[in-house]
Amino acid sequence: MRLSIVATLYRSADYIGEFHRRVTQAAHVFVGDDYEIVLVNDGSPDHSLRIALELAYEDPRVCVVDLSRNFGHHKAMMTGLAHARGDLVFLIDSDLEEQPEWLESFSRKLCEDGCDVVFGVQKKRKGNMFERWSGDWFYRIFRAITGVDLPHNIVTARLMRRIYVDALLQYDERELFLAGIWHIVGFDQRPIRIDKLSLSPTTYSVTRKFHILIDSITSFSNAPLIGIFYIGLAISMVAAAYIVYLVSIWAIIGTIADGWTSVMASIWLIGGMIISFMGVIGIYLSKVYTEAKRRPYTLVRSVHRGGRAARSNGREDMAPDSSSRVDMCESRAAE
């Protein structure tokens with residue numbers, strides 16, 4: 001198969017039909033009929049799954065991967081890539097803010113440059129002034145602390161060769177910051193500037209953005225731990241110098257001035273720093289704990305290809321279809 005188009009579904013009921021129509025047209029122009037559309041239902045609370053299944057029954061090129069619950073956008077994307085079978089994989093959001101017609105320009109650049117990946121970068125970040133400002137500082141802080149030269153304002157949309165997708169899927173992590181993993185996989189990746197539409201308000205609150213920043217930094221760098229060591233070393237040196245100063249004053253003058261306020265301020269300062277440092281260490285320990293348990297980052301309820309539903313057991317092509325399971329259950333009931 002030449003092309004797989006992968007998208008995730010979460011509160012996507014209003015967009016799925018139009019997305020399918022447009023992405024089908026784009027794929028047909030590019031590769032004719034040699035393509036598939038993989039839709040991953042990430043525990044969507046609306047009727048996205050029902051609409052996707054109707055499309056799958058009508059269009060044999062549609063594959064619906066139904067997750068057992070909501071696991072998050074990044075993990076759902078990785079699951080979709082694991083089910084894609086094409087030599088080229090086009091990953092894109094289904095909300096139509098990223099346009100399916102980009103497939104033409106992405107594929108043209110991929111062929112002209114002979115690269116492994118073409119990914120979208122926004123000409124101007126969407127949203128209001130605060131969203132643009134916070135997004136810009138997210139990338140600045142991430143770069144400064146981790147040393148990972150992550151491109152500014154990247155989007156989900158990217159066209160990838162199979163060799164890159166196979167390498168990407170080797171990152172079997174439970175704590176996923178996918179934008180960073182895309183970058184560190186390597187290979188020849190080329191950006192293409194795009195205009196992303198703004199059809200709905202962002203679902204990322206300030207608190208969620210802050211959590212993503214903390215998770216992304218601790219997933220890609222041990223700089224906070226090293227910083228704790230150097231800060232502790234600096235405090236120890238200052239404390240040692242101050243002790244030498246006090247001893248000198250005592251030796252020369254014979255008395256040491258009272259300083260209850262400064263002592264209490266120092267205690268509160270050091271106490272607060274110790275608690276915050278323990279918190280940083282706790283974040284890293286929690287990540288080690290999560291990874292050590294080796295729980296799957298998603299669980300698939302079922303996979304539907306061309307009107308046939310198969311339970312995901314790693315070999316969905318060998319699983320019985322839905323009608324076979326119904327007949328088997330009926331026969332047991334009759335017995």
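An unreviewed UniProt entry annotates the protein as Glycosyltransferase family 2 protein of Aurantimonas marianensis.

With respect to the nonpolar core
Grouped together as the largest cluster of nonpolar side chains are 36 residues, with contacts concentrated most on Leu3, Ile5, Leu39, Phe90, Phe106 and Leu159. When residues of this core are assigned to their parent elements, the largest contribution, six residues, is made by helix 1 (residues 16–31). Look past the residues within four positions of Phe90 in its chain and what remains in contact with it is Leu3, Ser4, Ile5, Val6, Pro100, Trp102, Leu103, Phe106, Arg158 and Leu159. Counting residues in each nonpolar core, the second largest holds 35 residues, with Phe71, Ala76, Met78 and Leu178 among its members.

As for the environment of Val303
Position of Val303 relative to the elements: it lies in strand 8 (residues 300–305). Linking Val303 and Val64, residues 239 residues apart in sequence, is a C-alpha distance of 5.8 Å.

Some remarks on the environment of Arg2
Counting through the fold element by element, Arg2 comes out in the segment before strand 1 (3–9). Residue Arg2 is classed as partly exposed on the basis of its relative accessible area of 42%. The residues touching Arg2, leaving out its near neighbours within four places in the chain, are Phe30, Val31, Asp34, Gly86, Asp87 and Leu88.

Focus: helix 4 (residues 102–113)
Counted at 1.5 Å a residue, the expected span for helix 4 with its 12 residues is 16 Å, and the 16 Å between its end C-alpha atoms agrees. Considered for burial, the residues of helix 4 that qualify are Trp102, Leu103, Phe106, Ser107 and Leu110. Seen from one end, helix 4 has its buried residues packed into an arc of 125 degrees, which puts them on one side. For helix 4, exposure combined with an orientation more than 90 degrees from the buried face picks out Glu104, Cys111 and Glu112. Those residues of helix 4 hidden inside the fold are in contact with strand 1, helix 1, strand 4 (88–91), strand 5 (117–122), strand 6 (154–161) and strand 7 (189–194). Downstream of helix 4 by one or two residues, Gly114 has phi in the positive range, about 65 degrees.

Brief notes about the pairing of strand 4
Every second residue of strand 4 is oriented toward a common face, with Leu88 and Phe90 on one face and Val89 and Leu91 on the other, all of them buried. Two elements, strand 1 and strand 4, share four bridges in a ladder whose sense is parallel. Across the sheet, the residue bridging to Ile5 is Phe90, located in strand 4. Direction of pairing for strand 4 relative to strand 6: antiparallel, over a ladder of four bridges. Residue pairing in the sheet places Val89 in a bridge with Met160 of strand 6.

Rules used in this analysis
Residues numbered from 1 in each chain as written. Predicted model: local features only at pLDDT ≥ 70, side-chain atom pairs only at ≥ 80, totals over all residues. Heavy atoms only, no water. Core = buried A, V, L, I, M, F, W, Y, C linked by side-chain atoms within 4.5 Å. Buried < 20%, exposed > 50% of the residue type's maximum accessible area, 1.4 Å probe, protein only. Helix = DSSP H or I, 4+ residues; strand = E, 2+ residues; numbered from the N terminus. Contact = heavy atoms within 4.5 Å. Expected span 1.5 Å × (residues − 1). Arc of directions from axis to C-beta. Pairing = 2+ DSSP bridges.

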